[in-house]
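Take a look at the letters that make up each chain.
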Amino acid sequence: MSECMHLTLCICRIGAYTCFRTLCCKGQPPPRPEYDLVCIGLTGSGKTSLLSRLCSEATDNIGPTTGFSIKAVPFQNAILNVKELGGADSIKKYWSRYYQGSQGVVFVLDSASTDEDLEMARTELHSALQHPQLCTLPFLILANHQDKPAARTTQEIKKYFELEPLARGKSWILEGSSVDNIDAVKQSFTQLIELLEDKDQDTGRI
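Rules used in this analysis
- Residues numbered from 1 in each chain as written.
- Predicted model: local features only at pLDDT ≥ 70, side-chain atom pairs only at ≥ 80, totals over all residues.
- Heavy atoms only, no water.
- Helix = DSSP H or I, 4+ residues; strand = E, 2+ residues; numbered from the N terminus.
- Expected span 1.5 Å × (residues − 1).
- Buried < 20%, exposed > 50% of the residue type's maximum accessible area, 1.4 Å probe, protein only.
- Contact = heavy atoms within 4.5 Å.
- Salt bridge = Lys/Arg side-chain N within 4 Å of Asp/Glu carboxyl O.
- UniProt positions renumbered as here; feature names shortened; annotations may be inferred.
- 1 Å grid on protein atoms, 1.4 Å probe; cavity = no way out; pocket = protein on both sides within 12 Å on 5 of 7 lines; lining within 4 Å.

(A) Main features of helix H4 (residues 115-130). Helix length check: H4, at 16 residues, gives a terminal C-alpha distance of 23 Å against a target of 22 Å (1.5 Å per residue), a fit within 8%. Three or more residues of H4 are buried, namely Leu 118, Ala 121, Arg 122, Glu 124, Leu 125, His 126, Ala 128 and Leu 129. Contacts made by the buried residues of H4 are with strand S1 (34-40), helix H3 (89-92), strand S4 (104-110), strand S5 (139-144), helix H5 (154-160) and helix H6 (163-166).

(B) Here's a closer look at the pattern of salt bridges. Summed over all chains, the structure comprises seven salt bridges. Among the salt bridges present, the one from Glu 124 reaches Lys 92, with a minimum N-O distance of 3.5 Å. One end of the pair, Glu 124, is in helix H4; the other, Lys 92, is in helix H3, with 32 residues separating them in the sequence. For the residue pair Glu 124 and Lys 92, the accessibility class agrees, reading buried in each case. Connected via shared salt-bridge partners are Asp 89, Lys 92 and Glu 124.

(C) Up close: the UniProt feature "binding site: Mg(2+)" (unreviewed entry) in the chain. According to UniProt, the feature "binding site: Mg(2+)" (unreviewed entry) maps to Thr 48 and Thr 65 in the numbering used here. What stands out for the annotated residues spanning 18 residues is how close their C-alpha atoms remain, the widest pair being 7.4 Å apart. Within this annotated set, the largest pocket is lined by Thr 48 and Thr 65. With respect to the secondary-structure elements, Thr 48 resides in helix H2 (residues 47-54). We classify Thr 48 as buried; its relative accessible area is 17%. With near-sequence residues (within four places) excluded, Thr 48 lies in contact with Ile 62, Thr 65 and Glu 84. Along the chain, the position of Thr 65 falls in the loop between H2 and strand S2 (68-75).

Written out as structure tokens, the structure is:
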């Protein structure tokens with residue numbers, strides 16, 4: 001057998017072995033990163049319904065959250081452990097007790113609410129954006145109930161909430177949402193994951 005043919009056979013064997021290793025001996029895929037989020041908003045903003053839909057859970061007979069609940073929301077490239085806090089007046093004053101350890105914030109508002117409730121939501125969002133434990137975290141702001149006739153647009157929300165001056169220099173996303181368009185909600189959370197990943201990389205470079 002010529003040296004050229006012998007070399008060709010060796011290369012083929014190496015190639016076959018490499019293919020075998022790739023197909024049959026592939027290790028477990030790396031675990032998806034997990035991020036701890038806090039989800040806040042007034043009662044009736046739709047926090048629970050959105051999170052339930054993201055987890056493929058039924059949304060029938062959903063009532064106001066009492067205290068808090070935690071859901072693990074799976075995405076292709078991450079798992080979001082979302083701590084949802086109840087939005088009733090009796091609970092809001094305790095929100096800050098649950099902020100510690102959060103890596104991101106989801107704020108849900110009812111874009112079709114009364115002017116009075118919208119002003120209250122504005123006050124709570126401003127407070128969250130300036131809170132020492134949250135002010136450096138990525139924010140996803142969802143203008144929910146966009147399927148309702150009285151819903152305000154995201155541009156109207158941005159202007160009324162004064163987000164441009166207040167959140168300048170912060171990482172934030174404002175998107176419309178509704179339970180009837182859960183694909184759009186998933187896309188909004190995917191954008192939040194990208195902000196979380198960017199913050200992780202920035203932390204790693206320090």
